[in-house]
Amino acid sequence: NALRLLSSEAKDLFQPFLNSEVMLVPVPGSSPKVEGAPWPSKLLADVLLDMGYAKSISTCLHRHTQIRKSSLHYTAASRPSVQEHLETFTVDSQLLNTDQITLVDDVLTLGRTTVASALKLLEAYPHKDIKIFCLVQTKGFEDEIENLIDPSIGELTYYSQSGKVWRE
């Protein structure tokens, strides 16, 4: 279980993202929330909270309009853009009792959904420190994978003129 890794060697690495002062905000799926439907990012946030890696969870970020599901599109050009994601998100105004917010997503591929989520939260909460935690980061097609579990920290940079997100 990859999350068990957090309780050992990667705990210090993820401390800026997962700690007792952080509020977790799950990244919405491609459709508006349907009661009882699976929400992988929320399930992941629940597990992280249960393991003591956060103060609380807020589901303040919502998808109000369905968008193409990224995982069904194999080229960057056919996946939704950051702008398309932004136009389908809404944030409930809630009093968040922390300055630290960590967006939780299950899979990071191009980073468009996650960056749009962060931008939307920054609109609503401009003075909050927003970070991103993803359980799985895709690296494209590689002939050999050296480590299946390979915790890393990096940055996502959004270039609004080109609409591209750069992962470093």
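Residues numbered from 1 in each chain as written. Predicted model: local features only at pLDDT ≥ 70, side-chain atom pairs only at ≥ 80, totals over all residues. Heavy atoms only, no water.

Caption draft 1: Quick look at the overall build of the protein. The secondary structure content of the protein amounts to 3 helices and 8 strands. Counting over 168 residues, the protein shows a buried share of 37%. When contacts within the protein are restricted to residue pairs at least 6 apart in sequence, long-range pairs at least 24 apart make up 76% of them. (Helix = DSSP H or I, 4+ residues; strand = E, 2+ residues; numbered from the N terminus. Buried < 20%, exposed > 50% of the residue type's maximum accessible area, 1.4 Å probe, protein only. Contact = heavy atoms within 4.5 Å.)

Caption draft 2: Fine view of the sheet that holds strand 1 (residues 22–26). An order of 2-1-5-6 is seen for the 4 strands of this open sheet, with the pairing classed as parallel. The two strands at the open ends of the sheet, each matched to only one other strand, are strand 2 (56–57) and strand 6 (129–137). Two elements, strand 5 (residues 100–108) and strand 6, share 8 bridges in a ladder whose sense is parallel. Looking at the pairing, Ile101 lines up with Ile130 of strand 6. (Pairing = 2+ DSSP bridges.)

Caption draft 3: Main features of empty space enclosed by the protein. What the rule picks out here adds up to 1 cavity of 30 Å³ or more. Estimates place the volume of the largest cavity at around 30 Å³. Lining the largest cavity are Pro16, Val22, Gln100, Ile101, Thr102, Asp129 and Lys131. Residue composition of the lining of the largest cavity, grouped by class: 3 nonpolar, 2 polar and 2 charged. (1 Å grid on protein atoms, 1.4 Å probe; cavity = no way out; pocket = protein on both sides within 12 Å on 5 of 7 lines; lining within 4 Å. Points joined across faces, edges and corners; volume = space filled by probe spheres on them. Nonpolar A, V, L, I, M, F, W, Y, C, P; charged D, E, K, R; others polar.)

Caption draft 4: Examining the nonpolar core more closely. Counting 19 residues, the largest nonpolar core has Val25, Leu103 and Leu121 as the members making the most contacts within it. Sort the elements by how many residues they give to this core and helix 3 (residues 112–124) lands first, with 4 residues. Those residues in contact with Leu121 that lie beyond four places of it in its chain are Val25, Cys60, Val91, Ile101, Leu103 and Ile130. Within the second largest apolar cluster, 12 residues are counted, among which are Leu18, Ala45, Tyr53 and Ala54. (Core = buried A, V, L, I, M, F, W, Y, C linked by side-chain atoms within 4.5 Å.)

Caption draft 5: Spatial organisation of the pairing of strand 1. In terms of burial, strand 1 is a largely internal element, 5 of the 5 residues being buried. One ladder, built from 5 bridges, connects strand 1 with strand 5; its direction is parallel. Residue pairing for strand 5: Val25 is matched across the bridge by Leu103. Note: strand 1 against strand 2, 2 bridges, orientation parallel. Each residue of the ladder has a partner; that of Leu24, found in strand 2, is Ile57.

Caption draft 6: Up close: helix 3. Over its 13 residues, helix 3 extends 19 Å from the first C-alpha to the last, a length consistent with the 18 Å expected when each residue adds 1.5 Å. Looking at helix 3, one finds that the buried residues are Arg112, Thr113, Thr114, Val115, Ala116, Ser117, Ala118, Lys120 and Leu121. (Expected span 1.5 Å × (residues − 1).)

Caption draft 7: Broad picture of the side chain of Ser56. Tracing the backbone through its elements, the reader meets Ser56 in strand 2. Those residues in contact with Ser56 that lie beyond four places of it in its chain are Val22, Met23, Leu24, Leu49 and Asn97.

Caption draft 8: View of the pattern of salt bridges. By the definition in use, this model includes 4 salt bridges. Between Asp46 and Lys42 there is a salt bridge, with its nearest N and O atoms 2.7 Å apart. Note that Asp46 and Lys42 are positioned in helix 1 (residues 40–50) at a spacing of 4 residues, about one turn of the helix. Between Lys131 and Asp129 there is a salt bridge whose closest N-O contact spans 2.9 Å. The class for Lys131 is partly exposed, based on a relative accessible area of 23%. You can call Asp129 partly exposed: its relative accessible area is 37%. (Salt bridge = Lys/Arg side-chain N within 4 Å of Asp/Glu carboxyl O.)

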